[in-house]
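# Report on the structure
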Amino acid sequence: MSNWIISNALILPMTERRQSFPGYVRVRDGVIAEIGSGAPAKAADDDAVIDAAGCALMPGLVNAHTHLYQVLLRAVWEDLELMPWLKRIYGCARVLRPEHFYAGSLFGCVEAIRSGVTTLCEHNFLNPSPECAFETIRAIKDSGLRAVFARTIMDTGEIVPDCTKEKPEQAFRRIEDILAQHARDEQLQFMTGPNTPPINTTASLLKEIRRFADDKSLGISAHVAESKSVVECVRREHGKNGVVEFLHEFGIPGPNSIFAHSVHISKDEICLLKETGASVSHNPVSNMMLGDGVAPVVEMLRQGVNVALGTDGAASNHSQDLFDTMKAASLLQKVHHQDAGVIDPYSVLRMATAGGAKALGLESICGTIEGGKRADLIFVDLDTIHNQPVNEVFSQIVHCAKAGDVRTVMVNGEILMRDRRFMRHDPSQLIADARQANGDLMKRLSNLSF
Ligand SMILES: [Zn+2]
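Rules used in this analysis
- Residues numbered from 1 in each chain as written.
- Predicted model: local features only at pLDDT ≥ 70, side-chain atom pairs only at ≥ 80, totals over all residues.
- Heavy atoms only, no water.
- Buried < 20%, exposed > 50% of the residue type's maximum accessible area, 1.4 Å probe, protein only.
- Helix = DSSP H or I, 4+ residues; strand = E, 2+ residues; numbered from the N terminus.
- Pairing = 2+ DSSP bridges.
- Donors = N, O, S within 2.8 Å, 3.2 Å for Na, K, Ca; no water.
- Salt bridge = Lys/Arg side-chain N within 4 Å of Asp/Glu carboxyl O.
- 1 Å grid on protein atoms, 1.4 Å probe; cavity = no way out; pocket = protein on both sides within 12 Å on 5 of 7 lines; lining within 4 Å.
- Points joined across faces, edges and corners; volume = space filled by probe spheres on them.
- Nonpolar A, V, L, I, M, F, W, Y, C, P; charged D, E, K, R; others polar.
- Core = buried A, V, L, I, M, F, W, Y, C linked by side-chain atoms within 4.5 Å.
- Contact = heavy atoms within 4.5 Å.
- Expected span 1.5 Å × (residues − 1).
- Polar contact = N/O pair within 3.5 Å; in protein donor to acceptor, adjacent residues only side chain to side chain.

## Regarding the pairing of strand β13 (residues 306-309)
Residues of β13 alternate between two faces, with Asn 306 and Ala 308 on one and Val 307 and Leu 309 on the opposite face, all of them buried. In this structure, strand β12 (residues 279-282) lies alongside β13, joined through 4 bridges in parallel fashion. Across the sheet, residue Val 280 finds its bridge partner in β13, namely Val 307.

Rendered as structure tokens:
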């Protein structure tokens, strides 16, 4: 069933600044067929009616940067800065098994659905065996989410275990295998990229990645300038002022590139992002947790750079909750600039919807409620103590609403969660499976020294 009429909703289409109105949305074959104010005309025989009274109906949220399996590593390595923390995250590849990726990724997807995410970008970077990527993709498909799987590559670096270093031709062959197997999957797109340049990618790999991405028409996802230490490395080893400047030499920033973090970038680099059309995934909770710094989000938005929002993995967040992230994104800029008016809630919500869709090359598919786009929709319950009374709905979605207010989630016209009940999965079974995978992983990790 994918023909629906959703009625009695407060619609936030995210197409026009601060526009909201009471109305309905008609979905035919998984596509938004009609949006109107007031009550809909009579339903067709095969339409199912959903009464959304008391709810805001919004485009599903887009989590533009995460590592799903890391839900198994929540609160494992605490109070560490990026480099010592990364050493442990990378070291984990020595004991991670494909079954950990499946259990963790499915659990992460379900947590994402529960918090109103309908599209996510899985930035995949640990591949001790090809099955790890395949099992992550299988979990995403089983969840019903729309996703971009960014299969990145590492070929050097002191803290990178040998089992995850790849020669370019070997990595490209593996990516081609993934593309061949999932070529016809409408809800799944692919990217490639250097994981965290330049600390784990050589200059020759960067050249090869640009060529391969062009050849296969793939976008590029990378961790960029997350901490000062990465910028110090690019200055010391490559004589460049910053990571974006360095990557520009290889043609990496472009309209199909998404740079996670971009915390330590200069004004000139912000201009480079704008000129090349590259997008940024801002991950404020992760940045705060690792003590990275504050990304120049306001400056990027003022320059016209497309900014999306991401949770990052649960090992540095510790959740997959994009409502948390929206509130953090808003408050962090206000306190950083010591200016309460420096960012407005509509802009924050736009980053989490249309901005994310654009960053992932999906702007014609999702990110707004518009006729012809796929029906990726969420119902946010406003009839709760902490959301009432509603005075300014965009501010209240960003600053008052919680993940638990998401009542119903639809992707491609399929309901994945209805009235907070998962349609594809039994949460108690998922919790049991995640605990088992976590127990096994922790046992294996206890044999490693960092
Ligand atoms: Zn990340």
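## Examining the coordination of the zinc ion
Coordination of the zinc ion by the protein comes from His 65 (NE2), His 67 (NE2), His 223 (NE2) and Asp 312 (OD), over a distance range of 2.1 to 2.3 Å. For His 65, a relative accessible area of 1% gives the class buried. A relative accessible area of 3% means that Asp 312 is categorised as buried.

## Quick word on the pattern of salt bridges
Taken as a whole, this structure holds 25 salt bridges when the rule is applied. One salt bridge in this structure joins Asp 344 and Arg 18, with 3.7 Å as the shortest N-O distance. Highlighted residues: Asp 344 in the loop between α11 (322-337) and α12 (345-359) and Arg 18 in the loop between β1 (4-11) and β2 (21-28), separated in sequence by 326 residues. With relative accessibility at 41%, the residue Arg 18 sits in the partly exposed group. Here the salt bridges share partners, and the residues they tie into one network are Arg 26, Arg 28, Glu 34, Asp 46 and Asp 47.

## Here we look at the layout of surface pockets
Roughly 350 Å³ of volume is contained in the largest pocket. Taken together, 22 residues form the lining of the largest pocket, with Gln 189, Phe 190, Ser 217, Gly 219 and Leu 360 sitting closest to its centre. When residues of the lining of the largest pocket are assigned to their parent elements, the largest contribution, 4 residues, is made by strand β9 (residues 188-194). Here the lining of the largest pocket is built from residues that sort into 11 nonpolar, 8 polar and 3 charged. In this structure, the second largest pocket spans a volume of roughly 290 Å³. Around the second largest pocket, the lining is made up of 22 residues, and of these Val 305, Asn 306, Val 307, Gly 355 and Lys 358 lie nearest the centre. Listed by contribution, the elements that provide at least two residues to the lining of the second largest pocket are α8 (267-276), β13 and α12. Residues that form the lining of the second largest pocket fall into these classes: 9 nonpolar, 8 polar and 5 charged.

## Quick notes on the nonpolar core
One finds Leu 61, Met 326, Leu 349 and Ile 397 to be the most contacted residues of the largest nonpolar core, which totals 122 residues. Broken down by element, this core gets its largest block of residues, 9 residues, from helix α2 (residues 98-114). Those residues in contact with Leu 61 that lie beyond four places of it in its chain are Ser 115, Gly 116, Val 117, Thr 118, Thr 119, Leu 322, Phe 323, Met 326, Leu 349, Ala 352, Thr 353 and Ile 378. With 18 residues, the next largest nonpolar core counts Trp 4, Ile 32, Ile 369 and Ala 375 among its residues.

## Focus: α11
Between its first and last C-alpha, α11 extends 23 Å over 16 residues, near the 22 Å set by a 1.5 Å rise per residue. Among all positions of α11, only Leu 322, Phe 323, Thr 325, Met 326, Ala 328, Ala 329, Ser 330, Leu 332 and Gln 333 are buried. Put simply, Asp 321 is the residue that caps the front of α11, since its side-chain oxygen is 2.8 Å from the backbone nitrogen of Phe 323. One or two positions beyond α11, positive phi appears at Gln 338, with a value near 50°.

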